[in-house]
Amino acid sequence: MHQGKAIIFSAPSGSGKTTIVKHLLAAYDKYGFSISATTRPRRVERESDGKDYYFLSVEDFRARIANDEFIEWEEVYDGNYYGTLKAEVDRLWQAGKHVLFDVDVKGGLKLKKYFGKDALAIFVKVSNMDELETRLRHRNTESDEHIRSRLAKATYEMSFESSFDMTLISADLQKTLLNAEQIIERFLSNGA
């Protein structure tokens, strides 16, 4: 049924999943990145349509939901949708790639259920909440209120860790990247 496998990285914000995914994409040609669709506004100075996200109007997004074009989707805030298009995964599989996902915890669990044995769902976490707070503060991109909100959400998301196939501790960057490579290689060689 599927031409490739689905490798899902989920984590609370600031845990390092995006860094891991970017490393894998740069290091290996066999992976392709699943670009999510969203209705949130594009950050003009640093995002482009079809590269960072597929930027859709709320009406277009809802029409695609009605047409069953999404593997998973979620209305994160009122009128602010995110989702994974079936056509995006098909595009990558037709190119002979295994698909890498960088998604929130709820999206990761939906993808895991959809792909079944063809998926590896990896929960990425830091060693403790103090470390997560330090990472979020070092970004210098958000207010104290926003950081507190992200930490509260992270506590909730951590409760889903056991629903994933495995946990990857994001500590020493080089060791974390090597562990990610080894985990995926084991999965691909066993599942091929």
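Residues numbered from 1 in each chain as written. Predicted model: local features only at pLDDT ≥ 70, side-chain atom pairs only at ≥ 80, totals over all residues. Heavy atoms only, no water.

S.K.: Looking at this structure, I do not really get the overall build of the protein. What am I missing?
M.R.: The secondary structure content of the protein amounts to seven helices and nine strands. For 192 residues, the compact-globule formula gives about 16 Å, and the C-alpha radius of gyration of the protein, at 16 Å, lands near that figure. Structurally, the protein occupies a C-alpha span of about 45 × 40 × 30 Å along its principal axes. Within the protein, buried positions represent 43% of all 192 residues. Long-range contacts, defined as pairs at least 24 residues apart, comprise 66% of the intrachain contacts of the protein with a sequence gap of at least 6. Split by element, the accessible area of the protein, about 10,500 Å² in all, is 49% carbon and sulfur. Averaging the coordinates of the 28 positive side-chain charges in the protein and doing the same for the 30 negative ones gives two points 2 Å apart. (Helix = DSSP H or I, 4+ residues; strand = E, 2+ residues; numbered from the N terminus. Rg over C-alpha atoms; globule rule 2.2 N^0.38 Å. Buried < 20%, exposed > 50% of the residue type's maximum accessible area, 1.4 Å probe, protein only. Contact = heavy atoms within 4.5 Å. Areas by Shrake-Rupley, 256 points an atom, 1.4 Å probe, with all protein chains shown as cover. Lys, Arg positive; Asp, Glu negative; His and termini not counted. Charge placed at Lys NZ, Arg CZ, Asp CG, Glu CD.)

S.K.: Sorry, what's going on with the pattern of salt bridges here?
M.R.: Pairing of side chains with opposite charge becomes possible as their charged atoms draw close. Overall, the coordinates contain 15 salt bridges when judged by the stated rule. Measuring nitrogen to oxygen at the nearest pair gives 3.0 Å for the salt bridge that ties Lys97 to Asp29. Taken as a pair, Lys97 in the loop between helix H3 (86–94) and strand S7 (98–103) and Asp29 in the loop between helix H1 (17–27) and strand S2 (31–33) lie far apart in primary sequence, 68 residues in all. Owing to a relative accessible area of 18%, Lys97 belongs among the buried residues under this scheme. Accessibility expressed as a relative area gives 65% for Asp29, which makes it exposed. (Salt bridge = Lys/Arg side-chain N within 4 Å of Asp/Glu carboxyl O.)

S.K.: Please explain the sheet that holds strand S3 (residues 37–38) as it appears in this structure.
M.R.: Strand-to-strand pairing in sheets goes through backbone hydrogen bonds, with the strands running parallel or antiparallel. Overall, mixed pairing links the four strands, which are arranged S4-S3-S6-S5 in an open sheet. Among the strands making up the open sheet, the edge pair consists of strand S4 (54–55) and strand S5 (70–77). Pairing analysis gives six bridges linking S5 to strand S6 (residues 80–85), with the strands arranged antiparallel. Among the inter-strand pairings, Phe70 is bridged to a residue of S6, identified as Leu85. Each of S3, S5 and S6 is contacted by helix H2 (residues 58–66), which is oriented at about 45 degrees to S6, the strand it contacts most. With respect to the sheet, helix H4 (residues 105–115) is in contact with S5 and S6, its orientation differing from that of S5 by roughly 165 degrees. (Pairing = 2+ DSSP bridges. Axes fitted to C-alpha atoms, helices over the stretch in contact; angles between N-to-C directions.)

S.K.: Even after reading the chapter, I still don't get the environment of Ser143, so can you show me in this structure?
M.R.: Counting through the fold element by element, Ser143 comes out in the loop between helix H5 (129–139) and helix H6 (144–158). Each C-alpha atom of the pair Ser143 and Ser10 lies 23 Å from the other, and the pair is 133 residues apart in sequence.

S.K.: Sorry, what's going on with the sheet that holds strand S9 (residues 166–169) here?
M.R.: Strand order in this open sheet of five strands is S2-S7-S1-S8-S9, and the pairing throughout is parallel. The open sheet has two edge strands with one neighbour each: S2 and S9. This sheet shows a mean twist of 30 degrees between the axes of neighbouring strands, independent of strand direction. For strand S8 (residues 119–125) and S9, the ladder comprises four bridges, and the chain directions are parallel. Residue Phe123 lies in a different strand from S9, and its bridge partner there is Thr167.

S.K.: For this particular structure, what's the right way to read the confidence of the model for the protein?
M.R.: Here the protein averages 89 in pLDDT, while 98% of its residues score no lower than 70. At the low end of the mean pLDDT range in the protein sits H5, at 77; at the high end sits H2, at 97. (pLDDT = per-residue confidence, 0-100.)

S.K.: Looking at this model, I keep getting lost on the packing of H5 against H6. Mind explaining?
M.R.: Angle between the axes and distance between the axes: these two values describe a pair of packed helices. Where H5 meets H6, the axes come as close as 10 Å, and the angle between the chain directions of the two elements is 145 degrees. Considering how the two elements wind past one another, H5 and H6 form a crossing that is right-handed. Contacts from Met129, Leu132, Glu133, Leu136 and Arg137 of H5 reach H6 at Asp144, Ile147, Arg150, Leu151, Ala154 and Thr155. Here the residues of the contact of H5 with H6 are counted per class, giving six nonpolar, one polar and four charged. (Left-handed = near helix turned anticlockwise from the far one by under 90°. Nonpolar A, V, L, I, M, F, W, Y, C, P; charged D, E, K, R; others polar.)

S.K.: I keep staring at H5 and nothing clicks. Help me out?
M.R.: Since the α-helix turns once every 3.6 residues, residues separated by three or four places project in the same direction. Those residues of H5 that sit buried are Leu132, Arg135 and Leu136. Each buried residue of H5 sits inside an arc of 95 degrees when the element is viewed along its axis, so together they form one side. Seen from the open side of H5, the exposed residues pointing more than 90 degrees away from its buried face are Asp130 and His138. Each element contacted by the buried residues of H5 is listed here: H6. Downstream of H5 by a residue or two, Asn140 has a phi angle that is positive, lying close to 55 degrees. (Arc of directions from axis to C-beta.)

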